[in-house]
Amino acid sequence: MRTLEQTTQEVVDLATRHFNVAAGSLSPSDDFFKKLGIDSLQALELLSRLENYFGIELPDYEVQGVSDFRTLAERIQSRL
Amino acid sequence: MKSFSGKALRWEWRDGVVELTLDREPANEIGTVMLTDLEKFAAAIKALEADTAACIISSSQKRGFSAGADLRELYHGAIALPEKERNAGVRDFVERSHAIANAIDAASFVTIAAVHGVCFGGGLELALTCDIIIADKMARFAFPELRLGLIPGFGGIPRLKRDLGNAFVRDLRLTGRSVNATRAQAVGLVAQLAGEGEALKVARATAAQITKFDATTRAAAKKFLKPIPYAELKQEVEIFCELFARPAVLAALKKFVESNDAMPYLP
């Protein structure tokens, strides 16, 4: 079973690769909309990427209002 | 017309296969421009049927197959009109979209939607007119209309009910949530999964297989397998128009259009 810290790091790593940003430039508390400059459709891309990676489904309403990696990881953790 | 290039889409016939490519920025929203071009395709179907075995519908827009109805155009068009004309305009738009969907649904050739990225609302309704949906594993499907106080208006519910179990239809429809391609395949919405960026390639291979079959048998099999739920489709038009006439819908559209929220697609 992953710890929340492990899940958070994996979420950050996946976002780093998906949006092709420099390694180490994202941190768990970052607001990913602001930091990555992404819109809602790009956020949905990330959601698909995360669901495929973790093998889970994360309904949109569970991530509504979530904008930082740590909280996103908490939502994922509850589905693992 | 074996080839066409419009403002929102283009198509080209080659070796028994028509490739229809949606191409309108930012995400193939279905407004009057897209609808007009789709009407041209619908009108060309009869002539294409004679020597067409398959048709692939795909998108050249990076963001996906289609994000659905052009809500900004819908809202700005609606508020510019008095109530009676507004409701008549919406009915006209919905009836035109149904005529297109019914024509594609009834085509004697096999239709394949090659989907990547977002396939939402009207985009999903367009994909549902097709016989086979092939999805990139990053594709995402949703009917978000409930968030605006509406039901899908381009024939989505009757076609989804035709193809899938009602429990999943209710989940998708009543929560407004989006589902990924893996889930969509598990419930039978997606016929084949493709790797990232490979949906069109897989669709072409599928279309090439279909060209090998006898045209009369293929058309008869399709007609037998895929009855068009005309009565429910007519009912959907009435329910949609009735719901659209309520002030709550314009208020929801206004909120969406004027939103600065990072996730306006997910109220």
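Predicted model only: the values in this text are computed from it and were never measured. (Residues numbered from 1 in each chain as written. Chains lettered and ligands numbered in written order. Predicted model: local features only at pLDDT ≥ 70, side-chain atom pairs only at ≥ 80, totals over all residues.)

A. Focus on the pairing of strand E3 (residues 17–22) of chain B. Residue and element names in this part refer to chain B. Judged by how many residues are buried, E3 sits mostly within the fold: five of six residues are covered. With six bridges joining them, strand E2 (residues 9–14) and E3 adopt antiparallel strand pairing. Each bridged residue has a counterpart across the sheet, and for Glu-12 the counterpart in E3 is Glu-19. Counted between consecutive antiparallel strands, the loop separating E2 from E3 contains two residues, among which Asp-15 sits at a positive phi close to 50°. In terms of strand pairing, E3 meets strand E4 (residues 54–59) through six bridges, oriented parallel. Bridge pairing in E4 places Leu-22 opposite Ser-59. (Buried ≥ 20, exposed ≤ 12 C-beta atoms within 10 Å, placed from the backbone. Helix = DSSP H or I, 4+ residues; strand = E, 2+ residues; numbered from the N terminus. Pairing = 2+ DSSP bridges.)

B. Structural context of the nonpolar core. Residue and element names in this part refer to chain B. If you look at the biggest cluster of nonpolar residues, it comprises 87 residues, and the most contacted ones within it are Ile-56, Ile-112, Val-115, Ala-127 and Ala-135. Per element, the largest residue contribution to this core is six residues, and it comes from helix H3 (residues 83–106). Sequence-distant contacts of Ile-56, that is, excluding residues within four places in its chain, are made with Val-17, Glu-19, Leu-20, Ile-112, Ala-114, Ala-203, Arg-204 and Ala-207. (Core = buried A, V, L, I, M, F, W, Y, C linked by C-beta atoms within 7 Å. Contact = placed C-beta atoms within 7 Å.)

C. Quick peek at the environment of Thr-217 of chain B. Among the secondary structure elements, Thr-217 of chain B is positioned in helix H9 (residues 215–225). Remark: the alpha-carbon pair of Thr-217 of chain B and Ser-5 of chain B, spanning 212 residues in sequence, is separated by 32 Å.

D. Broad picture of the interface of chain B and chain A. Residue-level contacts link 17 residues of chain B with 15 residues of chain A. Those elements that provide at least two residues to the side of chain B that touches chain A are strand E10 (178–180) and helix H7 (181–186) of chain B. Classifying every residue of the side of chain B that touches chain A by side-chain character gives eight nonpolar, four polar and five charged. (Nonpolar A, V, L, I, M, F, W, Y, C, P; charged D, E, K, R; others polar.)

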